[in-house]
Amino acid sequence: MAKVTRDDVARLAGTSTAVVSYVINNGPRPVAPATRERVLAAIKELGYRPDRVAQAMASRRTDLIGLIVPDARQPFFAEMAHAVEQAASERGKMVLVGNSDYISEREVHYLRAFLGMRVSGLVLVSHALNDLAAAEIDAWDARVVLLHERPEAMDDVAVVMDDLGGAQLAVRHLLDHGYDYVACVGGTAQTPAVGDPVSDHVEGWRRAMAEAGISTEGRLFEAPYNRYDAYRVGLDILSGPQRPPAIFCSTDDQAIGLLRAARELRIDVPGELAVAGFDDIKEAALADPPMTTVASDRSAMARAAVDLVLDDGLRVAGSRKERLKVFPSRLVIRRSCGCE
């Protein structure tokens, strides 16, 4: 059986091959609704399947979006990747995912690989984008949107949440319970001081404590972002002679590890220890006890990032502030903080 071509579709629909292309590619020129319906009906009747490889060669773009995350095993990044995939699907695109594992060289590797594949755009969740990665993006003149983080090395369009304000909400809420002070589980020595959400969470904690006239000295603890290492750090914190009455964790995954440590040490939460996290991953609602945390609209953030990376107006002039889309944070109150 002969392969169905675009010419066959055009003949059956009574139009030109150019119009068939406009319908298939949803542009660049508009097509009258009646004509579009005839083309779609012809495609269905003939069983036409576009040659995506040929299309990519002609346009020098594919129907792919590249997504680079630090670690898709972590629930927050897994949920974010799923939201990006859903948003891309709504725009007729597929997503390639690469894990940088918080390693700059691996991030550059995926940047080169994805851009070399001529992806339609790149959504980048970068832990600490270096100058080499920024130069790689500039060299390809790539469509890039930063999501969740905005490293200082880049001035590209970014979609983030109000991390600093969200942390302040959580810490103020804990202090309103009457605890003498709130300790903080932050990042590690490798966490960038600027442009990283965890750094903003720590800064929000500092500001909320300062507003209340409470010292932060000796009350900030370093921990990796995952629950397993945070569990071990939690054992040390909670076994010490100066056990905090309340702890704000920079990620929900850290808080889940801390809750496990508290349970192992037979420390009642929230009776003897209050805990709050950040991110509102789905597991937070199922933690024991259910975890108070900070949330944002991840689906809306992902959709905004995909829309920006695919829109022709991405590289607009404007200040750094104008190229930053900030989504609000909201406090999600559950039992771990002491609320019933």
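Here's a quick rundown of the structure. Everything quoted here is computed from the prediction, not taken from an experiment. (Residues numbered from 1 in each chain as written. Predicted model: local features only at pLDDT ≥ 70, side-chain atom pairs only at ≥ 80, totals over all residues. Heavy atoms only, no water.)

Okay, the pairing of strand β2 (residues 94-99) next. Remark: a regular strand shows side chains that alternate across the two faces of the sheet. Note that strand β1 (residues 64-69) and β2 share six bridges and pair parallel. Of the residues in β2, the one forming a bridge with Leu 64 is Met 94. For the segment spanning β1, helix α5 (residues 75-90) and β2, crossover handedness is right-handed. (Pairing = 2+ DSSP bridges. Helix = DSSP H or I, 4+ residues; strand = E, 2+ residues; numbered from the N terminus. Right-handed = clockwise from strand over helix to strand, strands pointing away.)

Once that is clear, we can look at helix α6 (residues 104-116). The first and last C-alpha atoms of α6 sit 18 Å apart over 13 residues, in line with the 18 Å expected at 1.5 Å per residue. Along α6, the residues classified as buried are Glu 107, Val 108, Leu 111, Phe 114 and Leu 115. On an axial view of α6, the arc spanned by its buried residues comes to 135 degrees, and they lie on one face. Immediately downstream of α6, the backbone of Arg 118 shows phi near 60 degrees, a positive value. (Expected span 1.5 Å × (residues − 1). Buried < 20%, exposed > 50% of the residue type's maximum accessible area, 1.4 Å probe, protein only. Arc of directions from axis to C-beta.)

Once that is clear, we can look at helix α1 (residues 6-13). Looking only at α1, the buried set comprises Arg 6, Val 9, Ala 10 and Ala 13. Looking down the long axis of α1, one finds its buried residues gathered within 100 degrees of arc, a one-sided arrangement. Once α1 ends, the next one or two residues include Gly 14, with phi positive near 70 degrees.

So, on to the pairing of strand β3 (residues 121-124). Burial along β3 is two-sided: Gly 121 and Val 123 facing one way and Leu 122 and Leu 124 facing the other are all buried. Examined bridge by bridge, β1 and β3 share four bridges and lie parallel to one another. Bridge assignment links Ile 68 to a residue of β3, and that residue is Leu 124.

Here the focus is the environment of Ala 42. The topology assignment puts Ala 42 in helix α3 (residues 33-46). Between the C-alpha atoms of Ala 42 and Ala 10, which are 32 residues apart in sequence, the distance is 8.0 Å. Filtering out sequence-adjacent residues up to four positions away, Ala 42 remains in contact with Val 9, Leu 12 and Ala 13. (Contact = heavy atoms within 4.5 Å.)

A few words on the nonpolar core. Most often, soluble globular proteins have nonpolar side chains that are buried together. Core analysis: the biggest nonpolar cluster contains 72 residues, and Leu 147, Val 182, Leu 238, Ile 247 and Phe 248 have the highest contact counts within it. Setting aside its immediate chain neighbours within four residues, Val 182 contacts Val 171, Leu 174, Leu 175, Trp 205, Met 209, Ala 246, Ile 247 and Phe 248. Ranked by size, the runner-up nonpolar core spans 16 residues in total, among them Ile 68, Val 108, Leu 122 and Leu 124. (Core = buried A, V, L, I, M, F, W, Y, C linked by side-chain atoms within 4.5 Å.)

Coordinates in, geometry out; function isn't part of it.
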